[in-house]
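Given next are the chains, with one letter for each unit.
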Amino acid sequence: MLFNFITSLLRAHINRKVLIFLHNFFTSIHKKIQSLCLFTPMSQPHQISPFDPQKPSKPISYPIKTLEELNSRAYFESFHYPFNKASVLLPFSAVELPHRPRLLVCHDLQGGYGDDKWVQGGFNGDAYGVWHWHLIDVFVYFSHALVNLPPPCWTNAAHKHGVKVLGTFLTEWEEGRLVCNKLLETEESARMYAERLSELAIALGFDGWLINMEINLDVEQIPNLKEFVSHLTKIMHSSMPGSLVIWYDAVTVHGKLDWQDQLNENNKPFFDICDGIFVNYTWKKNYPAISAALASDRKFDVYTGIDIFGRNTYGGGQWNTKVALEVLKKESVSAAIFAPGWVYETNQPPDFRTAQNRWWELVEQSWGMMKNHLITLPFYSNFDQGYGNHISIEGNQVTEGPWNNLSCQGFQPFLEFIDGPTPEPIRVLVDVKEASYDGGGNITFRGFLDDDAHFTKKIFQGKLILGYQSLQLQYSVKSEGNSVLGLSFQFSSNNNEKTSLLIASSNINHISHKFTEVIIADQVKKPEIDPGWVIYEGSIAMNDRTLSEIHAVCYRLKPEHSKLRLESDTDLQEDPLVRTLAEYFSVLGHIVIKDLARNSCFFPSRSWLVEGQNIKFSFDSQESRLVSLNIIWKLKNGNDFAFPKYNIYVEELEKQVDEKSNKRVKGAFKYLGVAQVPMFYVSDLYTTAATYSLKFIVQACDLDGTCQKLDDSPNFRLDFEGQ
């Protein structure tokens, strides 16, 4: 209850010094009550066992809470450690930060490690997420433990969009003072703990640390504190080019807990030995200019705080965040947005997804600096935002029900949020309700369109430099009536000549003159997918061009081209007005751009070694059992070739024998989940007494979204004889 009370105070407009006093006051009372034995926890009928990181269980992300645990390297002995490795590398183009004011986002949501702690995904279709990565340069995972390790889902999603991810090293309250006394005891201890932090970041694949010390120190401890920060920065840089160590503006060079709200002589010595400073958020209007002048050519390394909850922050935060952003942009310093989860935690109307889009649209309008997403080939997006109500794989739905997993986020489209009635004929949005070709998302186009009209919408922008190779373009569509969806690719050449290419599925004579080149796509026949989805494919020679934008192009077939549809719809035949202005509806499932010569190379099943470990059976009744195990896989030849993800299925084999084939009866393939690392934990899988064996199938998926055929995929068979 004490923690919840303090958390509620954190969300209120309360001065930090008052908050520290209240925390110490209530902590002392709590300890006195315990010492007098006036409080005895009530016994509960079902006691929850303490978390044992050594024991196999559903993989989770969790922080390191003590200096002893950090020193002992116990985390690396945890069952959960290998699951927590990020699988997506930061693109080479994002290793160096842009030379301009940057946007740092510090995640602080309900104490951290909520829905995002479930490494293999959770079941909350309303979980918090971020998908406006094109505005963000650095993402910090923040919680109130000592060593806050970013869950891999955040690192995977951020890296996919070229965003760096930092963990947080935090000392606060009286416990934090005791930690620092030990940490800073000697120069050697300071260096040793810095090395422990660096080792964690390298092993888990995130990009550095925010150092947040909110305690009073003795001035004699400052030299060792500076050694800690300096050594951490140096070894991070030597181990991971482009890594960052950022100092939070709290402790001064004199050892006092005294937030400066600007870069000045009291905190600049820390700024000088690391990669930047996160300035506290209670600054005045003239402070950013003072910081910029003192930082000189490093002014972009000054990240000036804005508390979105509005606690004494300049401009008030919340829906007025742009007030502070505009001041920071004018002074050419960077911004540090703290706790953008305010939108989620305070249930901003009408719903989180709408409020989130509206809030970030205001940030974009005031900040106006965006990243490029089109950075490497193959380029693939299924528009998945990391949550949804169903999951599909290559055109077939495999699950139904709410889920969340930010590691599954695809490249996010660049869609302008329009608040209120749209002035455009077609409303465009990422949707989780309509069918998905892959994952749980799509882009839905819905509205009304004239027979002779067309509508274009930018969905991606960037700078993808292409040589002279030939490219294959592919996309999937599910449409109704005579609605048609094509894609337009905008190119520029070395002499700045602008060209456009339309790839479409049918006759487009009435709009073809608006594009430099038109390709009529071939329809790819895949009888195994949902018949509602249609896949279109085309190719083009690049001739040394740069791809800058991708647009969706909506238009309608002429009546003669949609005869079958019209014959089945009396209203469309008889009403000339509806013929002229009719409802438009299309869903874009995925986009692929890849080298024409590139083919997915999947290894045959015999090339893999798949094992089951920590196998555990428990019997629910005589008619059923629960099975838990950890499945791991690797190539037999030791090749470190890896795929970006693996779909995990199970097939049941029953004891009874089919009379015709004289073989065991097989059940249908059941989708269990997705893995970003070469292991997957199956927890309490229900099987009936009739089940003779379980066949676990590991389906590799390539960077262009293609998946290995299930019959050719590696597998592990678990027989129940003697169990």
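Below you will find a few notes about this structure. Please read these numbers as outputs of a predicted model, since none were measured by experiment.

Criteria and cut-off values
- Residues numbered from 1 in each chain as written.
- Predicted model: local features only at pLDDT ≥ 70, side-chain atom pairs only at ≥ 80, totals over all residues.
- Heavy atoms only, no water.
- Core = buried A, V, L, I, M, F, W, Y, C linked by side-chain atoms within 4.5 Å.
- Buried < 20%, exposed > 50% of the residue type's maximum accessible area, 1.4 Å probe, protein only.
- Salt bridge = Lys/Arg side-chain N within 4 Å of Asp/Glu carboxyl O.
- Helix = DSSP H or I, 4+ residues; strand = E, 2+ residues; numbered from the N terminus.
- Expected span 1.5 Å × (residues − 1).
- Contact = heavy atoms within 4.5 Å.
- Pairing = 2+ DSSP bridges.
- Axes fitted to C-alpha atoms, helices over the stretch in contact; angles between N-to-C directions.

Things to note about the nonpolar core
- One finds F169, W209 and F228 to be the most contacted residues of the largest nonpolar core, which totals 110 residues.
- If you look at the next biggest cluster of nonpolar residues, it comprises 37 residues, including F383, Y475, L485 and Y536.

Here's the deal with the pattern of salt bridges
- The final tally for this structure, using the stated rule, is 17 salt bridges.
- Note that R298 and D301 form a salt bridge whose closest N and O atoms lie 2.9 Å from each other.
- In this structure D301 comes out as buried when scored by relative accessible area, which is 14%.
- Here D451 and R556 are joined by a salt bridge, their closest N and O atoms 2.9 Å apart. One end of the pair, D451, is in the loop between β14 (443–450) and β15 (454–465); the other, R556, is in strand β22 (residues 546–556), with 105 residues separating them in the sequence. This pair shows no difference in class: D451 is buried, exactly as R556 is.
- Put simply, K594, R598, D702 and D704 are held in one network by salt bridges that share partners.

A closer look at helix α6 (residues 187–204)
- Between its terminal C-alpha atoms α6 stretches 26 Å, which fits the 26 Å expected from 18 residues at 1.5 Å a residue.
- The complete set of buried residues in α6 reads S189, A190, Y193, A194, R196, L197, S198, L200, A201 and L204.
- The secondary structure elements touched by the buried residues of α6 are α3 (67–72), β3 (147–148), β4 (164–172), α5 (173–183), β5 (208–214) and α7 (222–239).
- Count one or two residues on from α6 and you reach G205, which has phi positive near 85°.

A short note on the sheet that holds strand β19 (residues 517–520)
- Reading across from one edge, β15-β22-β17-β18-β19 is the order of the five strands in this open sheet, with mixed pairing throughout. Of all strands in the sheet, those with a lone pairing partner are β15 and β19, marking the two edges. For this sheet, the mean angle separating the axes of adjacent strands, direction not counted, is 20°.
- Relative to β22, strand β17 (residues 483–492) runs antiparallel, the two sharing 10 bridges. By the bridge assignment for β22, F489 is matched with I550.

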